[in-house]
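# Structural overview for review
So you can see what is in the structure, the chains are spelled out below.
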Amino acid sequence: MFDPLLLLIAAAFLLAGFIKGVLGLGLPTVSMGLLAITMPPAHALAIVIVPAVVTNIWQTFVGPYLRDIIRRLWPLMVGTVIGIWLNAGLLTGPYAPYGTVILGGLLVVYAIIGLSKFSFQVARSDEKWIGGIVGLMTGVVSAATGVQVIPSMPYLQAIGMEKDELVQALGVFFTVATVALAFNLTSAGLLTAATALAASFIGMFVGQAVRSRMQPEMFRRWFLIAMILLGLYLAASAVHNILR
């Protein structure tokens, strides 16, 4: 007999891996959103950690920009790690039920920002101190929800990287952030993920194969609309469970 939960995990990571293969990001965001429908965010993140780390490491070394990325983004990464470690109990402590509400809200915010194409610029001379502050904020959010896209993504888009450099930078940053989260979850005894890893690679391989045959902007638009709907559903269902 098939385990329905195992099938759900495989389906969630096939979709998340496919989106990452096409867009270069989205695996933790999509998989956390889908898994949080049926389990607490801490358990969902425990499954997400290993596929996220492995696929981001793969993305980290595909490109020639690694040295420059580390030089520019080290304050962002250090700030994120500190923010995660200082708030290690948010996913497993007494406030854990509120994590799904926050996750749902962040998915909506992330998608609206993407759809509106809101942008701002950060001067090269200000990258270090702004990056550190953004990193701390991202670490707190990540510790509570397992998602690292807010406010790090708007910042990464604001510092003026080329497309290929940005994709590689996302791999570097998300690798550091998910490894920091892994230490939090290992201490809570929640780390397991073999099915998710296999499904992620299959989905990512398929996504990369079709990326050159479709219009990424159209795919990205519908992906963000789906994130809004998923985020609203997660937030509303979590509030309902808390009030009940």
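That block above? That's the structure.
Let me sum up the structure you'll find in this document.

### Overview of the overall build of the protein chain
The number of helices and strands found in the protein chain is 10 helices and zero strands. Along the protein chain, from the amino end to the carboxyl end, the secondary structure elements read α-α-α-α-α-α-α-α-α-α. Here the contacts in the protein chain between residues at least 6 apart in sequence split such that 86% fall between residues at least 24 apart. Per element, the accessible surface of the protein chain, about 11600 Å² overall, is 72% carbon and sulfur.

### Let's talk about the side chain of Ser142
Relative to the elements of secondary structure, Ser142 occurs in helix 6 (residues 127-145). Residue class for Ser142 comes out buried when judged on its relative accessible area of 0%. If near-sequence neighbours (up to four positions away) are discounted, Ser142 is found in contact with Ile84, Val147, Gln148 and Leu181.

### Quick word on the nonpolar core
Formed by 59 residues in total, the largest nonpolar core has its most connected members in Phe13, Leu35, Leu73, Tyr155 and Leu156. Sorting the residues of this core by element identifies helix 1 (4-23), helix 2 (27-35), helix 3 (41-60), helix 4 (66-86), helix 5 (98-116), helix 7 (152-158), helix 8 (163-187) and helix 10 (216-243) as the ones contributing at least two each. Counting residues per element, this core draws most heavily on helix 8, at 10 residues. Apart from the residues within four sequence positions on either side, Leu73 is in contact with Tyr155, Leu156, Ile159, Met161 and Ala169.

### Some points on the packing of helix 2 against helix 5
Packed helix pairs are characterised by how far apart their axes lie and by the angle those axes make with each other. At a minimum axis distance of 11 Å, the contact between helix 2 and helix 5 shows a crossing angle of 135°. In terms of their interaxial angle, helix 2 and helix 5 are classed as oblique. The crossing of helix 2 and helix 5 is left-handed. Between helix 2, through Thr29, Met32 and Gly33, and helix 5, the contact on the second element is made entirely by Leu103, Leu107 and Tyr110. Considering only residue class, the contact of helix 2 with helix 5 consists of four nonpolar, two polar and no charged.

Conventions adopted
Residues numbered from 1 in each chain as written. Predicted model: local features only at pLDDT ≥ 70, side-chain atom pairs only at ≥ 80, totals over all residues. Heavy atoms only, no water. Helix = DSSP H or I, 4+ residues; strand = E, 2+ residues; numbered from the N terminus. Contact = heavy atoms within 4.5 Å. Areas by Shrake-Rupley, 256 points an atom, 1.4 Å probe, with all protein chains shown as cover. Buried < 20%, exposed > 50% of the residue type's maximum accessible area, 1.4 Å probe, protein only. Core = buried A, V, L, I, M, F, W, Y, C linked by side-chain atoms within 4.5 Å. Axes fitted to C-alpha atoms, helices over the stretch in contact; angles between N-to-C directions. Parallel < 35°, antiparallel > 145°, perpendicular 65-115°, else oblique. Left-handed = near helix turned anticlockwise from the far one by under 90°. Nonpolar A, V, L, I, M, F, W, Y, C, P; charged D, E, K, R; others polar.

Worth remembering: the numbers are spatial, not functional.
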